[in-house]
Amino acid sequence: MMDKLTHGILLARIAKQIFVSKVTGKRIPVTVSLHVTNKCNMRCRYCYANFEARFDNPPDDFTTLELISLIDEIHAEGCRWVILLGGEPLMRDDIGFIIRYIKKKGMLCELVTNGTLLAQRLDDVKNVDLTCVSLDGPKAVNDAIRGKGTYDLAVNGLKIAKDHGIKTRIHATITTLNNNAKSIKHLAYLAAKFNTTFGFSSPILHEYNEIDELQVPPEDMVKFWKLLKTLKTKYGRNYYTYHALDRAISWPLAPLDVIKDMDRVCELGLDKCHVGERYCYIDSEGYAYPCIVQGIKKGLNVKKVGFKKAWDYLARFTCHACAYVQYMELNDVLDMAWHSIMLGFNVFFK
Ligand SMILES: C[S@@+](CC[C@H](N)C(=O)[O-])C[C@H]1O[C@@H](n2cnc3c(N)ncnc32)[C@H](O)[C@@H]1O
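Caption draft 1: Structural detail: a nonpolar patch on the surface. A contiguous nonpolar surface patch, about 380 Å² in accessible area, is contributed by Trp 338, Met 342 and Phe 345. Relative to the elements of secondary structure, Trp 338 occurs in helix α13 (residues 338–349).

Caption draft 2: Expanded view of the sheet that holds strand β4 (residues 130–134). Ordered by their spatial adjacency, eight strands build an open sheet running β6-β5-β4-β3-β2-β1-β8-β9, and the pairing between neighbours is mixed. The sheet is open, and its two borders are formed by β6 (198–201) and β9 (288–289), each paired with just one other strand. As judged from the four bridges shared by strand β5 (residues 168–173) and β6, these two strands associate in the parallel manner. When the bridges of β6 are listed, Ala 172 appears paired with Phe 200.

Caption draft 3: Focus on the packing of aromatic side chains. This structure, assessed with the given rule, holds nine aromatic pairs. Between Phe 200 and Phe 224 the ring centres are 4.9 Å apart and the planes differ by 75 degrees, which places this aromatic pair in the edge-to-face class. Taken together, the residues Phe 200 in strand β6 and Phe 224 in helix α8 (residues 218–235) connect sequence positions 24 residues apart. For the pair shown, Phe 200 and Phe 224 are each scored as buried. Ring geometry for Tyr 279 versus Tyr 327: centroids 6.5 Å apart, planes at 65 degrees, classification edge-to-face. Pair noted here: Tyr 279 is in strand β8 (residues 279–282) and Tyr 327 is in helix α12 (residues 325–333), with a separation of 48 residues, a long-range link. Here Tyr 279 matches Tyr 327 in class, with each residue buried. Ring pairs connect the aromatic residues Phe 198, Phe 200, Phe 224 and Trp 225, which therefore count as one cluster.

Caption draft 4: The arrangement of the state of the cysteines in detail. Summed over all chains, the structure comprises zero disulfides. Considering cysteine sulfurs only, Cys 44 is the nearest to Cys 132, which forms no disulfide, with 12 Å between them. Free cysteine Cys 280: the closest other cysteine sulfur is in Cys 79, separated by 8.0 Å. Residue class for Cys 280 comes out buried when judged on its relative accessible area of 0%.

Caption draft 5: Inspection of the side chain of Asn 301 at higher detail. By the secondary structure assignment, Asn 301 is in the loop between β9 and α11 (302–313). Residue Asn 301 is classed as buried on the basis of its relative accessible area, which comes to 8%. At 2.9 Å, the side chain of Asn 301 and the backbone oxygen of Glu 285 are in polar contact. In this structure Asn 301 touches Glu 285, Gly 286, Tyr 287 and Gly 306, once residues within four positions along its chain are discounted.

Caption draft 6: Structural context of the pairing of strand β2 (residues 81–85). Extensive coverage of β2 is indicated by the burial of five of its five residues. Side chains of β2 alternate between two faces, with Trp 81, Ile 83 and Leu 85 and Val 82 and Leu 84 buried alike. Strand direction decides the pairing type here: strand β1 (residues 31–35) and β2, joined by five bridges, are parallel. Of the residues in β2, the one forming a bridge with Thr 31 is Trp 81. The pairing of β2 with strand β3 (residues 108–113) spans four bridges and is classified as parallel.

Cut-offs and rules
Residues numbered from 1 in each chain as written. Predicted model: local features only at pLDDT ≥ 70, side-chain atom pairs only at ≥ 80, totals over all residues. Heavy atoms only, no water. Patch = residues over 30% accessible without salt bridge, like charges linked within 9 Å, V, L, I, M, F, W, Y side chains within 5 Å. Areas by Shrake-Rupley, 256 points an atom, 1.4 Å probe, with all protein chains shown as cover. Salt bridge = Lys/Arg side-chain N within 4 Å of Asp/Glu carboxyl O. Helix = DSSP H or I, 4+ residues; strand = E, 2+ residues; numbered from the N terminus. Pairing = 2+ DSSP bridges. Phe/Tyr/Trp six-rings, centres within 6.5 Å; stacked < 30°, edge-to-face > 60°. Buried < 20%, exposed > 50% of the residue type's maximum accessible area, 1.4 Å probe, protein only. Disulfide = S-S within 2.5 Å. Polar contact = N/O pair within 3.5 Å; in protein donor to acceptor, adjacent residues only side chain to side chain. Contact = heavy atoms within 4.5 Å.

Below is the structure:
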């Protein structure tokens, strides 16, 4: 009960910031995805974060003090929802302190993890509001993409989370290996087994991803969204809304195209994206981006110029739309669309 009340208060704080941004037109970084480390114990073939193979020779991570003052800054600018990523965030020795600090500031804390270190970091993870475990499908599929043995570790992480009442979601990335009914059904099965939900992200492509043979052809992407929609109805547990899936299905351009011109967004009757306006990424070197789809290292470095200046700089990257389902959904959340309110309700209160 207390949990529900706490989550209700956290969600209300997020809603308030979105409301203020909508009413006043002020850009507020309500949600910030914060990459806290370049260290990773996995080498997923598609990883956008392993930019120029930096996981093999990690540049200096934020110090604890740098992260604490960054969290102060993003909070002061209006952030109420921090998503911790990496690298593998649980590889930071001070991650428990960082999580507690975010919670002390009254923000919702989400953690994205490969699940491998969940047992060791249980006391820290218990303080997180939502833990997203990355897992791409059945064992053979997952391990071919994310590395041998990683399926068992991730599933074990889900089991431990369930046993300790930790709220989770399972997150997969679409590739040629898992864009099929078998993988969707398997994730629905795992989600039911561990009392959680699952979703698939559109793949974000960069010249340095090892993704060529994993890249789903455009026509198959749409087929996949249709299949996911059908199986969602049959098996449930998929956290994307029908609204987001329908928009990915009816997207008028190629599935991974983006529209950067606001006139075109209006002409096609699409929803304007709010990344860069109510959301941003900060990578583990300190660069702030509106979103990864728009490109890595697109912004200024918070270590050099501070968060406010880096955030203000992102104003120039707003106004565009895309069919990356994860951003469509996030965008709806950041717009307080009614179906997204239901999504929040399903994640936190069911
Ligand atoms: C970069 S990882 C960092 C957190 C953690 N190490 C993990 O594996 O979840 C965050 C999420 O991004 C996903 N991801 C990585 N590369 C991607 C890409 N090119 N396109 C879409 N999602 C990607 C991962 O599968 C994971 O769910």
